[in-house]
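Summary of the model geometry
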Amino acid sequence: MSTPTPAAMPPFDCPGNYVAPAPTTLRCAKCSRPLIVKDAKRTPTGYVCPYYVKARVATFYNASVIDYLPVIVIALIGGVIAGIVMRAVGGFILFAPVVGGAVGAGVAEVIRRVMKGKRGQNFWLVAAISLVLGAGMVILGPLLAVLALAGTDSGRLQYGAGSLIGSVMPLIGLAIAVGALITRMRI
């Protein structure tokens with residue numbers, strides 16, 4: 001039983017229509033198309049064209065456009081809950097970052113369990129934007145009210161949930177929540 005030699009095997013047909021813009025001697029290791037150094041992607045088996053890399057990466061994602069809808073809904077609801085929690089602990093300066101990390105990781109875990117093996121290339125981005133929109137509805141209203149009252153006599157520096165610091169800490173907690181969400185979803 002003999003194995004075919006590389007010269008006898010048919011070349012891999014890369015999707016796309018990559019054409020080297022200049023004469024070159026470098027070839028794609030998979031489809032043998034001419035390849036310039038600027039476009040070459042290094043792999044353990046040689047240099048490949050950008051279309052081969054795109055085709056390989058696309059095989060890891062199996063989500064359709066409809067699968068993004070549950071991600072949006074879960075992250076929006078999680079964002080509203082995160083905003084309420086951040087507003088509640090906003091006066092306690094040390095609690096907002098800790099709660100933010102827990103909320104972001106929790107929302108990412110709920111999304112992962114609901115999607116049951118579906119993987120979308122931009123799930124993390126859609127979830128992060130939805131989380132910010134959901135929490136922004138709850139957090140930004142009181143923050144804008146505190147900033148509007150800052151120039152009046154009734155807006156003197158206070159401490160607690162009604163102060164400027166108490167209104168900014170939920171934003172810091174939200175930033176940490178988004179970072180935790182992105183980290184958990186990209187792993």
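This text goes with the structure placed above it.
Structure report, in brief. (Residues numbered from 1 in each chain as written. Predicted model: local features only at pLDDT ≥ 70, side-chain atom pairs only at ≥ 80, totals over all residues. Heavy atoms only, no water.)

A few points about the overall build of the protein chain
Summing up its helical and strand segments, the protein chain has five helices and two strands in all. Element order for the protein chain, N to C, with α for helix and β for strand: β-β-α-α-α-α-α. A burial count over the protein chain gives 32% of its 187 residues as buried. Nonlocal contacts in the protein chain, meaning residues at least 24 apart in sequence, comprise 63% of its contacts between residues at least 6 apart. Surface accessibility of the protein chain: about 11700 Å² in total, with carbon and sulfur atoms responsible for 68%. (Helix = DSSP H or I, 4+ residues; strand = E, 2+ residues; numbered from the N terminus. Buried < 20%, exposed > 50% of the residue type's maximum accessible area, 1.4 Å probe, protein only. Contact = heavy atoms within 4.5 Å. Areas by Shrake-Rupley, 256 points an atom, 1.4 Å probe, with all protein chains shown as cover.)

Things to note about the packing of aromatic side chains
Applying the stated criterion to the full structure yields one aromatic pair. Ring centres of Tyr-68 and Phe-123 lie 4.8 Å apart, and the angle between their planes is 75°; on these two criteria the pair is classed as edge-to-face. With Tyr-68 in helix H2 (residues 68-89) and Phe-123 in helix H4 (residues 123-149), this residue pair connects regions lying 55 residues apart in the sequence. Above the face of the Trp-124 ring, Arg-186 is positioned so that its terminal group lies 4.6 Å from the ring centre. (Phe/Tyr/Trp six-rings, centres within 6.5 Å; stacked < 30°, edge-to-face > 60°. Lys NZ or Arg CZ within 6 Å of the ring centre and 35° of its normal.)

A short note on the pattern of salt bridges
This model, assessed by the stated rule, comprises four salt bridges. For Arg-113, the salt bridge goes to Glu-109, with nearest N and O atoms at 3.1 Å. Of this pair, Arg-113 and Glu-109 both sit in helix H3 (residues 95-115), four residues apart, which is roughly one turn of the helix. Judged by its relative accessible area of 57%, Arg-113 is exposed. (Salt bridge = Lys/Arg side-chain N within 4 Å of Asp/Glu carboxyl O.)

Focus: unusual backbone geometry
The phi dihedral of Lys-116 falls on the positive side, at around 45°, and the residue is not glycine. Looking at the secondary structure, you find Lys-116 in the loop between H3 and H4. Residue class for Lys-116 comes out exposed when judged on its relative accessible area of 71%.

So, H3
Taking 1.5 Å of rise per residue, the 21 residues of H3 would be expected to cover 30 Å, and the 30 Å separating its terminal C-alpha atoms lies within 8% of that figure. Within H3, burial applies to Ala-96, Gly-100, Val-103, Gly-104, Val-107, Ala-108, Glu-109, Ile-111 and Met-115. Looking at the residues trailing H3, positive phi occurs at Lys-116, about 45°. (Expected span 1.5 Å × (residues − 1).)

Section: the nonpolar core
One finds Ile-111, Ala-127, Leu-181 and Met-185 to be the most contacted residues of the largest nonpolar core, which totals 22 residues. Of all the secondary-structure elements, those providing two or more residues to this core are H2, H3, H4 and helix H5 (164-186). Excluding residues that lie within four positions of it along the chain, Ile-111 makes contacts with Val-71, Ile-74, Ala-75, Ala-127 and Met-185. Counting seven residues, the second largest nonpolar core, distinct from the first, contains Cys-28, Ala-40, Val-48 and Tyr-52. (Core = buried A, V, L, I, M, F, W, Y, C linked by side-chain atoms within 4.5 Å.)

Quick look at the side chain of Asp-67
Relative to the helices and strands, Asp-67 resides in the loop between helix H1 (50-58) and H2. In this structure the side chain of Asp-67 is engaged in a polar contact, spanning 2.9 Å, whose partner is the backbone nitrogen of Ser-64. (Polar contact = N/O pair within 3.5 Å; in protein donor to acceptor, adjacent residues only side chain to side chain.)

Considerations on the packing of H2 against H3
Running from amino to carboxyl end, H2 crosses H3 at an angle of 160°, the nearest separation of the two axes being 10 Å. As far as their axial angle goes, H3 and H2 are roughly antiparallel. H2 and H3 meet at a crossing whose hand is right-handed. On the side of H2, the interface is formed by Pro-70, Val-71, Ile-74, Ala-75, Gly-78, Ala-82, Val-85, Met-86 and Val-89, while H3 contributes Phe-95, Ala-96, Val-99, Gly-100, Val-103, Val-107, Val-110, Ile-111, Val-114 and Met-115. When the residues that make up the contact of H2 with H3 are grouped by side-chain class, the tally is 17 nonpolar, two polar and no charged. (Axes fitted to C-alpha atoms, helices over the stretch in contact; angles between N-to-C directions. Parallel < 35°, antiparallel > 145°, perpendicular 65-115°, else oblique. Left-handed = near helix turned anticlockwise from the far one by under 90°. Nonpolar A, V, L, I, M, F, W, Y, C, P; charged D, E, K, R; others polar.)

Some remarks on a nonpolar patch on the surface
A cluster of nonpolar side chains, namely Leu-76, Leu-125, Ile-129, Leu-133 and Met-137, defines an oily patch on the protein surface of about 470 Å² accessible area. For the nonpolar patch, the leading source of residues is H4, giving four residues. Mapped onto the elements, Leu-125 comes out in helix H4. Among the residues examined, Leu-125 registers a relative accessible area of 36% and is labelled partly exposed. (Patch = residues over 30% accessible without salt bridge, like charges linked within 9 Å, V, L, I, M, F, W, Y side chains within 5 Å.)

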